[in-house]
Amino acid sequence: MDDPIIRLDNVEKSFGDFRALKSISFDIARGEFFSLLGASGCGKTTLLRILAGIEQPTRGQLTIDGKPMAGVPANQRPTNMVFQSYAIFPHLSVRENIGYGLVYQKISKAEAKARTDEAIELVKLEGLGDRSAHQLSGGQRQRVALARALVCRPKVLLLDEPLSALDKKLREEMQQELRSLQRTVGITFVFVTHDQEEALTLSDRIAVMAGGKVLQIDTPQGLYERPNCLDVAEFVGTMNLFPAKVTGVDGAKAVAAGDPSGEFAGISAGRPAAVGDTVFMAVRPEKIAIRAGAGQAGRNQVAGRISSVSYLGDRSHYLVAVDGLAAPVAVYLSNLAGQGMVGTPGADVTLSWDETSVLVLDRA
Amino acid sequence: MRRVDLLVLYAVFFVLFLYGPMLLMPLFSFNDANFATFPLKGFTTRHYTGMSANTSMMTALRNSLLVGTAVSVVATALALPAALALTRYRVPGGGAILSFMMLPLVVPSIVLAVGLLVVVLRILGIPLSLWTVAAGHLMLCIPFGMTVLMSRLEGFDRSLEEASRDLGAGGWGTFRRVTLPLAAPGVISSLLLCFIISFDEFVISFFLTGTDNTLPVFLFSQLRFPNRLPSTLALGSLILVGSAVLVILAEILRKRGVASDNPGDI
């Protein structure tokens, strides 16, 4: 990547014996909405705090805007952060909170006031400037935290699960606002979340993290369509997994014998499979076609019995029990015009899918 | 029902036992007699009005106020950085340091006083004065100040200080603009608490004072003269009221501080 805003080179972080981050290396492009996605304890917040300068890496190089950040304290970095708790100063008013960082910028009082007004307007808090932090709702506190960081005009805005404390409706609203805000101000956002849907909705690119490592960095579509390992496949969306043993390989394409039954053909997402490998053949629930009646098991086709049906309005979720598989196969069908339900629980069905929809994933 | 009644009775006796003797003091201070005995003779305020004429009492009062104020300010100023260091950073041997600082809380003050006396007179060779009293009080007050301040500093969100740093403030700026204002209720209750401790302290003052008496030492010396007892009682009553007001004030401030940090999740 040419001239990235952030470059991480073998960054490691240990707390005593615990290795929170293990050799992290990647770039973030200017103006990108970049998400760090992972379950709690995966190291994503630690990584964000290293970017902010609140934590120092144990090893490795961090470069922001072309300058090495070793020994540069948080208050001298071109980054600002929106904390998970928002960290609104309780003894200051909304206006004082937002203007907090402007004292340290070399600008006149008049300009500081103008920029504070502008920031208040940007996050739609007009008229609330004199309120104290106690008198704000959760969404308003979040806006104050956002304005307080943006008013300093950072090169990178760091967001630590800023929406997790909000209820669902407000969260969706704020997602839209965050996304359009990012387009308006045009600065790089690094967004930490454990909510895969949120990451997919907002991001240009996502880094999926687990156990202190980055598993995959890709666009939302790339992550969903071509997960490079089992962990990513299971973390992002729902994935049906069929254990199998590879019997034939042709480039990226692999054919595998199902365990216990059936034959699968699919595409290797990561390194090509070798004959004899035990793998998982992975299919997304919405790529599966469902047909009433017990058909013959064949290539990319299995027979089963519906164990439950959930009607969700725009779509229906079927769980289909297949002999020899521990977990039922999930099938999502859109409820298009003129389409009835396929069956009720207990009905025999046949599932089939295209081989381009099947990913060959390592068992590891 | 019966059990509840017994509990109420128990509680009433408990409180009477604790505070009864103390309440006799204001009672006798208004009694028109030179001896603190029943039956009461009649109501008078002469023990109070006569106090300002008692110059040695007034000097002792002035000394106590002086020492108390100085000690509370210095003890709080010393306890605040220590409390910050122990709550904010991983100090090597922090646990041991804290235990040593808290030691004066558990060592009997008579032991402390004798030890200090030996150190001050024999080892350092400093003549006894209000300064030595203040130094002794300081030792006693710092652990109290530490306790109050540490609980206050532990009580607020660490990310507030991180946010301040992130927004461009340095260490001093963060302390001045975030830490200190948020710790203010703790600082004030530490000041009040240290003042009361110093003001009420007898044993260390008794050992370490020179010719200048503090109020408790003065009071003790007056007990040898039975006819001066009522004015002593009057003074004691005033101190009782004053201390109570200060303690209640400190507690209110502490509570209000805690409440304002939890605006309630919405």
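Residues numbered from 1 in each chain as written. Chains lettered and ligands numbered in written order. Predicted model: local features only at pLDDT ≥ 70, side-chain atom pairs only at ≥ 80, totals over all residues.

### Structural notes on the overall build of chain B
Here is the rule: Segments assigned H or I by DSSP are reported as helices when at least four residues long, segments assigned E as strands when at least two residues long, and all are numbered from the N terminus. A residue is called partly exposed when the number of other C-beta atoms within 10 Å of its own lies between 12 and 20, exposed at 12 or fewer, and buried at 20 or more, with C-beta atoms placed from the backbone. Contact criterion: two residues are in contact if their C-beta atoms, reconstructed from the backbone, are within 7 Å.
Check the secondary structure of chain B and you find eleven helices and zero strands. Going from the N terminus to the C terminus, chain B shows its helices and strands as α-α-α-α-α-α-α-α-α-α-α. Going through the 266 residues of chain B one by one, you find that 33% of them count as buried. Contacts in chain B between residues far apart in sequence, at least 24 positions, make up 78% of those at least 6 positions apart.

### Here we look at the overall build of chain A
Counting its secondary structure elements, chain A contains eight helices and 20 strands. Each principal axis of the C-alpha distribution contributes one length, and for chain A these read about 80 × 45 × 35 Å. Sorting the 364 residues of chain A into buried and exposed places 42% on the buried side. Considering only residue pairs separated by 6 or more positions, chain A has 66% of its internal contacts joining residues 24 or more positions apart.

### Focus on the sheet that holds strand β18 (residues 329-334) of chain A
Residue and element names in this part refer to chain A. Heads up, the rule is: By this definition, two strands are paired if DSSP reports at least two bridges between them. Axis definition: a line fitted to C-alpha atoms, over the contacting stretch in the case of helices. Angles run 0 to 180 degrees between N-to-C directions.
A sheet is described by the order of its strands in space; here five strands give the open sequence β15-β19-β16-β17-β18, paired in antiparallel fashion. Every interior strand has two partners, whereas the edge strands, β15 (289-292) and β18, have only one. Shown here is a sheet whose adjacent strand axes are inclined to one another by a mean of 45 degrees, direction ignored. Relative to strand β19 (residues 348-352), β15 is paired through four bridges, and the arrangement is antiparallel. Within β19, the position partnered with Ala289 by the bridge is Ser352.

### Notes on the pairing of strand β9 (residues 205-210) of chain A
All names here are of chain A. Looking at chain direction, strand β3 (residues 33-37) and β9 are connected through four bridges and run parallel. Considered in β9, the bridge of Ser35 is made with Ile206. Relative to strand β10 (residues 213-218), β9 runs antiparallel, the two being bridged by five bridges. In the sheet register, Met209 faces β10, and the bridge partner there is Val214.

### A word on the interface of chain B and chain A
Note the cut-off: Amino acid classes used here: Ala, Val, Leu, Ile, Met, Phe, Trp, Tyr, Cys and Pro are nonpolar; Asp, Glu, Lys and Arg are charged; the rest, including Gly, are polar.
Every contact between the two is made by 18 residues of chain B and, on the other side, 21 residues of chain A. Breaking the side of chain B that touches chain A down by element, the ones donating at least two residues are α7 (158-166), α8 (171-200) and α11 (229-261) of chain B. Per-element tally for the side of chain B that touches chain A: the top contributor is α7(B), with six residues. The residue inventory of the side of chain B that touches chain A, partitioned by class, reads nine nonpolar, four polar and five charged.

### Examining the sheet that holds strand β8 (residues 188-193) of chain A
All names here are of chain A. On the basis of which strands lie adjacent, the open sheet formed by six strands has the order β6-β7-β8-β3-β9-β10 and mixed pairing. In the strand order of this sheet, the two ends are held by β6 (79-82) and β10, each with one partner. The average undirected angle you get between the axes of adjacent strands in this sheet is 20 degrees. By the bridge criterion, five bridges tie strand β7 (residues 156-160) to β8 in an arrangement that is parallel. Pairing of Val156 across the sheet is with Thr188, part of β8.

### Brief notes about the domain arrangement of chain A
Residue and element names in this part refer to chain A. To keep things clear, this is the line we draw: The source of the domain bounds is an automatic or database domain assignment.
Taken domain by domain, chain A holds domain 1 (6-230) and domain 2 (238-362). When each unit is reduced to the centre of its C-alpha atoms, the spacing between domain 1 and domain 2 is 39 Å. Taken together, the contact pairs five residues of domain 1 with six residues of domain 2.

### Notes on the nonpolar core
Residues and elements named next belong to chain A. The following threshold applies: Here, a nonpolar core means buried Ala, Val, Leu, Ile, Met, Phe, Trp, Tyr and Cys residues linked by C-beta atoms lying within 7 Å of one another.
With 145 residues, the main nonpolar core has Ala147, Val190, Val208, Met281 and Ala282 as its most contacted residues. There are two domains that each give this core at least three residues, and those are domain 1 (6-230) and domain 2 (238-362). Ignoring any residue separated from it by four or fewer positions in sequence, one finds Val190 in contact with Ile28, Phe34, Leu36, Leu48, Leu51, Val156 and Leu158.

### Section: the environment of Val247(B)
Along the chain, the position of Val247(B) falls in helix α11. Each C-alpha atom, one on Val247(B) and one on Leu193(B), is 7.1 Å from the other, the two residues being 54 residues apart in sequence.

### Quick word on helix α6 (residues 130-155) of chain B
Applied cut-off: By this rule, a helix spans an expected 1.5 Å times one less than how many residues it contains. Here the bend at each residue means the angle between axes fitted to two seven-residue stretches, the one ending at that residue and the one beginning there.
If you check α6(B), its first and last C-alpha atoms are 36 Å apart, about what 26 residues at 1.5 Å a residue would give, namely 38 Å. When the local axis directions of α6(B) are compared, the greatest deviation, roughly 30 degrees, occurs at Cys141(B), which is followed within four positions by the proline Pro143(B).

### What to know about the environment of Leu215(B)
Residues and elements named next belong to chain B. Inspection of the secondary structure assignment puts Leu215 in helix α10 (residues 215-222). Classification of Leu215 as buried rests on a count of 25 C-beta atoms within 10 Å. As for Leu215 and Ser56, which are separated by 159 residues in sequence, their C-alpha atoms are 9.7 Å apart.

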